[in-house]
Amino acid sequence: MADSALSIRTIDESDLIEFQRVMAWAFLDDPSGVDSKWVKVLELDRTHAVFDGDEMIGTAGVLSRELTVPGGLQAPAGAVTVVTVKPGHRRRGVASLMMKTQLHGMHESGEPIAILWASEGSIYRRFGYGELATSLNRMRMPTRMAFHSGVAVSDARIRQVSREEALPFMREVHDRVRRTKVGWLNRVEQTWDVQLADREVDRDGLTSYRYCLHPEGYVVFRAKAAGSSRGPADELHVRELVCETEQAYVDLYRFLLDIDLAAEISFYTAADDPIVHMVDNPRKVGRDLGDALWVRIVDIDRALPLRRYSSDVDSVLEVEDTFCPWNSGRWRFTVKGGEAVVTRTEDPADVSLDVASIGSAFLGGVRLSVLRRAHRVVEHTPGHVDALTAAFLGSHEPHCPEVF
């Protein structure tokens, strides 16, 4: 229950300095002031602060985004960001007040999906967010690795260019590619400044970004000097590799693997990045999988029909949602020809689950059959969980390549 002394409101420009201070306190960071890269993307009419009297003690924001969902469709989503509670004010209902304000606002505006990156894994399920909706693969691999004999590299020219020359091309390519990649988001102008921030403080000891263009894609990376008396062994830290064709993907990886003075590549990439199957020694490709995007279904009847499904199904779902009670109850979920219809029903439930489980499965990243084994999903009618699992799966693992 929220403390009766607490109040919440949207902020204005006069609040930004204090907003930054509260964020810095919570993230154990130094305040960066109004020039912070994160402040650039805030939508003030969707950015809230919680106050204890006159003291700001909590922050949260929502960014208006488009999320690519299975079927290559674009769904409106509220990207939740900068959620913090000032030390000394925890367990007073501050986070609950901010989450309730955000989710009820999305419900009223017709925004059926909320998404976020969780700084701590124990917080957001209680607000209905489903974990592991997309995964992030931290991949490390040595350079000079050969491709297997079936992989052909083209003679396309790859050019290293300035940031100013690269950005117009990158914007166009990214916008086309993100519409085909489940879990990717659209970018507004300020988003590019955040994702490719290149001040000294953003580099963490690495070089500035290198921008390399292929006719059908691009790669952005930094370098970290390393080596010994035996010679240089620099590390390449890939920030983005975006390709419109499979050939561009092959060519750009080959380009990275062949860069002189480099010994290793690291890249936060998709869980099913096929490079591990392209090289001749896959054991040398190190992979460390973690959670990325968390998904919250704000309105079940609006959200589930926004994507396409892999097989037909007809099930009654009994949904538990204590935080957004309009979702609770029984819903008939029917898919025919890939398209879903969701309606209220009084029919007996075939499957019971909480709203967070639907969020985890929504992009195809988590199998409902696995959540059944985790005691998150209960099957009342045999065969329905497997049928739902097959319907929700896609041909690729969902992936969100940017933190917001």
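The structure reproduced in this document is the subject of the present report. (Residues numbered from 1 in each chain as written. Predicted model: local features only at pLDDT ≥ 70, side-chain atom pairs only at ≥ 80, totals over all residues. Heavy atoms only, no water.)

### A look at the overall build of the protein chain
Cut-off, in case you're wondering: In this description a helix means any DSSP run of H or I spanning at least four residues, a strand means any run of E spanning at least two, and both kinds are numbered starting from the N terminus. Put simply, the radius of gyration uses C-alpha atoms, and a globule should come to 2.2 Å times the residue count raised to 0.38. Relative accessibility under 20% of the residue-type maximum defines a buried residue, over 50% an exposed one, and the middle range a partly exposed one, all with a 1.4 Å probe and only protein chains included. Here, two residues are considered to be in contact whenever any of their heavy atoms come within 4.5 Å of each other. To measure how exposed things are, a 1.4 Å probe is used in the Shrake-Rupley method; for residues, cover is taken only from the protein chains shown. Only four residue types enter the tally: Lys and Arg on the positive side, Asp and Glu on the negative side, with His and both chain ends excluded. Where a charge lies is defined by one atom per residue type: Lys uses NZ, Arg uses CZ, Asp uses CG and Glu uses CD.
For the protein chain, the helix and strand inventory stands at 11 helices and 20 strands. Its C-alpha atoms give the protein chain a radius of gyration of 23 Å, within 12% of the compact-globule value 22 Å for 404 residues. Taken along the three principal axes of its C-alpha coordinates, the protein chain extends 70 × 55 × 35 Å. Looking at the protein chain as a whole, 52% of its 404 residues are labelled buried. In the protein chain, 72% of the contacts between residues at least 6 apart in sequence involve partners at least 24 apart. Element-wise, carbon and sulfur atoms account for 49% of the exposed surface of the protein chain, whose accessible area totals about 18,700 Å². Averaged over its 48 positive side-chain charges, the protein chain has a centre that lies 3 Å from the centre of its 60 negative ones.

### Concerning the pattern of salt bridges
Filter applied, for reference: A pair is scored as a salt bridge if a Lys or Arg side-chain nitrogen falls within 4 Å of a carboxyl oxygen belonging to Asp or Glu.
The full count for this structure, using the stated rule, is 31 salt bridges. Between arginine 176 and glutamate 244 there is a salt bridge, with its nearest N and O atoms 2.7 Å apart. Note that arginine 176 is positioned in helix H3 (residues 163-178) and glutamate 244 in the loop between strand S12 (234-243) and helix H6 (246-257), a separation of 68 residues in sequence. With a relative accessible area of 42%, arginine 176 lands in the partly exposed category. Residue classification places glutamate 244 among the partly exposed positions, given a relative accessible area of 35%. Aspartate 258 is the salt-bridge partner of arginine 254, the closest N and O atoms lying 2.9 Å from each other. One network of salt bridges, in which partners are shared, links Glu66, Asp175, Arg178 and Arg179.

### Looking at H6
Because an α-helix completes one turn every 3.6 residues, residues spaced three or four positions apart along the sequence face the same direction. For clarity, the cut-off: For a helix, the expected span equals 1.5 Å multiplied by the residue count minus one.
Helix length check: H6 (12 residues) gives 17 Å between terminal C-alpha atoms against 16 Å at 1.5 Å per residue, within 8%. With respect to burial, H6 is a largely interior element, nine of its 12 residues being buried. Considered for burial, the residues of H6 that qualify are Ala248, Tyr249, Val250, Asp251, Leu252, Tyr253, Arg254, Leu256 and Leu257. Buried residues belonging to H6 abut strand S6 (135-142), strand S8 (210-214), strand S9 (217-224), S12, strand S13 (262-269) and helix H7 (275-278).

### Topic: the state of the cysteines
In plain terms, the rule: Two cysteine sulfur atoms form a disulfide, by the criterion used here, when they sit within 2.5 Å.
Tallied over the entire structure, the rule returns zero disulfides. The thiol of cysteine 212 is not disulfide-bonded; the next cysteine sulfur, from cysteine 243, is found 12 Å away. Since its relative accessible area comes to 0%, cysteine 212 is described here as buried.

### Some words on the environment of alanine 60
Along the polypeptide, alanine 60 turns up in strand S3 (residues 55-69). On the basis of relative accessibility, which here comes to 0%, the residue alanine 60 falls in the buried class. A C-alpha to C-alpha distance of 8.5 Å links alanine 60 and glutamine 102, two positions 42 residues apart in sequence. Contacts of alanine 60, omitting those with residues within four sequence positions, involve Phe19, Arg46, Thr47, His48, Thr81, Val82, Val83, Met98 and Gln102.

### Some words on the packing of aromatic side chains
Test applied: Any two rings among Phe, Tyr and Trp, with Trp reduced to its six-membered ring, count as a pair given centres within 6.5 Å; such a pair is stacked if its planes are under 30 degrees apart, edge-to-face if over 60, and tilted if neither. Whether a charge sits over a ring depends on NZ of Lys or CZ of Arg being within 6 Å of the ring centre and within 35 degrees of the ring normal.
According to the stated counting rule, one finds eight aromatic pairs in the structure shown. Measuring from centroid to centroid gives 5.3 Å for tyrosine 309 and phenylalanine 333, while their planes differ by 75°, and the two rings are edge-to-face. In this pair, tyrosine 309 is assigned in the loop between helix H8 (300-303) and strand S16 (313-320) and phenylalanine 333 in strand S17 (residues 329-336), connecting sequence segments 24 residues apart. Comparing tyrosine 309 with phenylalanine 333 shows no difference in burial state: the two are buried. Note on tyrosine 309 and phenylalanine 392: the rings are 5.2 Å apart at their centroids and 85° apart in plane angle, and the pair reads as edge-to-face. Taken together, the positions of tyrosine 309 in the loop between H8 and S16 and phenylalanine 392 in helix H11 (residues 384-392) put the pair 83 residues apart, joining distant regions of the chain. Residue phenylalanine 392 is classed as buried on the basis of its relative accessible area of 5%. Three or more aromatic residues joined by ring pairs make a cluster, and in this case those are Tyr124, Phe127, Tyr129 and Phe323. Its end group placed over the ring of tryptophan 192, arginine 187 keeps NZ or CZ at 4.4 Å from the ring centre. Lying over the aromatic face of tyrosine 209, arginine 222 brings its terminal NZ or CZ to 3.6 Å of the ring centre.

### With respect to the sheet that holds S16
To keep it simple, the criterion reads: Pairing between strands is defined by DSSP: at least two bridges between them are needed. For helices, the axis comes from a line fit to the C-alpha atoms of the stretch in contact; other axes are also lines fit to C-alpha atoms, and the angle between any two N-to-C directions lies between 0 and 180 degrees.
Spatial ordering of the open sheet is given by S18-S17-S16-S19-S20, a layout of five strands whose pairing is mixed. Only two strands of the sheet have a single partner each, and these edge strands are strand S18 (339-344) and strand S20 (377-379). Across the sheet, the mean angle separating the axes of adjacent strands is 25° when strand polarity is ignored. As paired elements, strand S19 (residues 351-354) and S20 share three bridges and run antiparallel to each other. Looking at the pairing, leucine 353 lines up with valine 377 of S20. Relative to S16, H11 is tilted by about 100°, and along the sheet it contacts S16, S17, S19 and S20.

### So, H11
For clarity, the threshold we go by: Regarding the arc, it is the one traced by the directions from the helix axis to the C-beta atoms.
Of the residues making up H11, those classed as buried are His384, Val385, Leu388, Thr389, Ala391 and Phe392. The arc that holds the buried residues of H11, viewed along the axis, is 165°, so those residues lie on one side. On its buried side, H11 packs onto S16, S17, S19, helix H9 (355-361), helix H10 (368-373) and S20.

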